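# Examining the three-dimensional arrangement
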Amino acid sequence: MVDLPSSMPEPRSFLRKNCKDYKGRIPELDGLRGIGALAILFYHTWPTTFFFGWTRVDLFFVLSGYLITSILLKNQLSCRFLFVFWFRRALRIWPAYYLLLFILCVREILNNYSLNLKAVLSYVTFTQNVPYYWSGPILSFSSEATHTWALAIEEQFYLVWPLIMVIVGRRFLIPMVLWLIINSIVLRMFGFYPFVALARCDGLALGTILAICLENCKLSAQRSTWLHRAFVLTSLVALLFLVSFLVSLHGFLEETSQGSSLTIFMVSVFYCSIIGLVILHTGNPLLNFLRFRSLRYIGQISYGIYLYHLPIIDVITNDLKYGPIATQLAAISLSLLAGIISWECLERPLGRLKEKIPYEHDGTQSRAAMPYTEDPLCKALRHEIVY
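This section reports on the structure supplied with the text. Computed from a predicted model, the values in this text were never measured in an experiment. (Residues numbered from 1 in each chain as written. Predicted model: local features only at pLDDT ≥ 70, side-chain atom pairs only at ≥ 80, totals over all residues. Heavy atoms only, no water.)

Scanning the protein from N- to C-terminus turns up 14 helices and zero strands. Reading the protein from its N end, one meets helices and strands in the order α-α-α-α-α-α-α-α-α-α-α-α-α-α. In the protein, which comprises 387 residues, the share counted as buried stands at 51%. Partitioning the contacts of the protein with sequence separation of at least 6, the portion at a separation of at least 24 is 77%. For the protein, the computed accessible surface area is about 18,700 Å², with 68% contributed by carbon and sulfur atoms. (Helix = DSSP H or I, 4+ residues; strand = E, 2+ residues; numbered from the N terminus. Buried < 20%, exposed > 50% of the residue type's maximum accessible area, 1.4 Å probe, protein only. Contact = heavy atoms within 4.5 Å. Areas by Shrake-Rupley, 256 points an atom, 1.4 Å probe, with all protein chains shown as cover.)

Let us look at the pattern of salt bridges. In total, this model carries nine salt bridges according to the counting rule given. Residue Arg200 is joined to Asp58 by a salt bridge in which the shortest nitrogen-to-oxygen separation is 2.9 Å. You can see Arg200 sitting in the loop between helix H7 (173–189) and helix H8 (202–213) and its partner Asp58 sitting in helix H3 (residues 56–75), a full 142 residues away along the chain. Across this residue pair, the class does not change: Arg200 and Asp58 are buried. One salt bridge connects Asp314 with Arg107, and the closest N-O pair in it is separated by 3.7 Å. One end of the pair, Asp314, is in helix H12 (residues 302–319); the other, Arg107, is in helix H4 (residues 81–110), with 207 residues separating them in the sequence. (Salt bridge = Lys/Arg side-chain N within 4 Å of Asp/Glu carboxyl O.)

On to the state of the cysteines. Per the counting criterion, the structure on display carries zero disulfides. The closest cysteine sulfur to the non-disulfide-bonded Cys213 is located on Cys272, 7.7 Å from its own sulfur. The buried category is assigned to Cys272, whose relative accessible area is 9%. (Disulfide = S-S within 2.5 Å.)

Dropping the structure here:
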């Protein structure tokens, strides 16, 4: 166990108190990813029953905003930082995504469909959602790739956000984040589709606020208590709003429904609060269900599940003539299998290459320049950078 200075208040994190089996990750975040992956999978399989499954994308937006901003805050001034950051993100996202595009192109050709090269180019450059800004027609490519609008927003965020942070600096970071939240809500109220970055970046912005709140790993007991109460209060307020809105819509809630602007924001607030509570109480026995090995593994393979589940569901549903239950179970099983293959054969092997291009804080700085590196929670926050 790591001994803390006697002058430091006792931390609340259970991870620091019970870190014998600690391996440098926050396992509960993988569990949250696993729940998100299952939610979107069930949503596209049973859309009426799991009508709330679309909110999974906001869970991942908040997670991405938090994790990416945490990386930027810790490494913003390091040499070669932007190159290293963008290269590591590309290594994580591009291979499996471009493999999906290749498979869909081959399938379109085998089905004697003509490829729209402009549409393919828009998907290759992660700009497939841009026409939504002016309500223009979306370039037709494949209905099995429509869900990648969320990934396009993520990639646009990865490209622009580091530059914004360098330009505005820490002093104006909070005002910038608050502007992004207000801007997203207002744009959706004025009819912008919630599938473009400027109208859907409130989740990413809330994740940024979370990263700022938890930037100092060694939170005092007083500050931890304050954050705990704030997260509990905001989660309850958001949940009350969502339940009230759900009742007003007779038990149905969707992204594009009337009043969806505040609904999307409150969903993001709820997820932000839950993620904050999970991080504050990492290792707490009450969170044991998030540390189940199977759920954490689903979280690790969630990117592959997200990418490939829609084509699999489409093929199983339209091309194979089975009963509805057999079709649904086959679609879920094959989606999980695709996620496993993608992770084990592509994502994990390529992910090891990131060790060859570390951030300076990954080991090139001396311990004197990095106080508190040995603290378990600090180390976990530094290494928790998987999508």
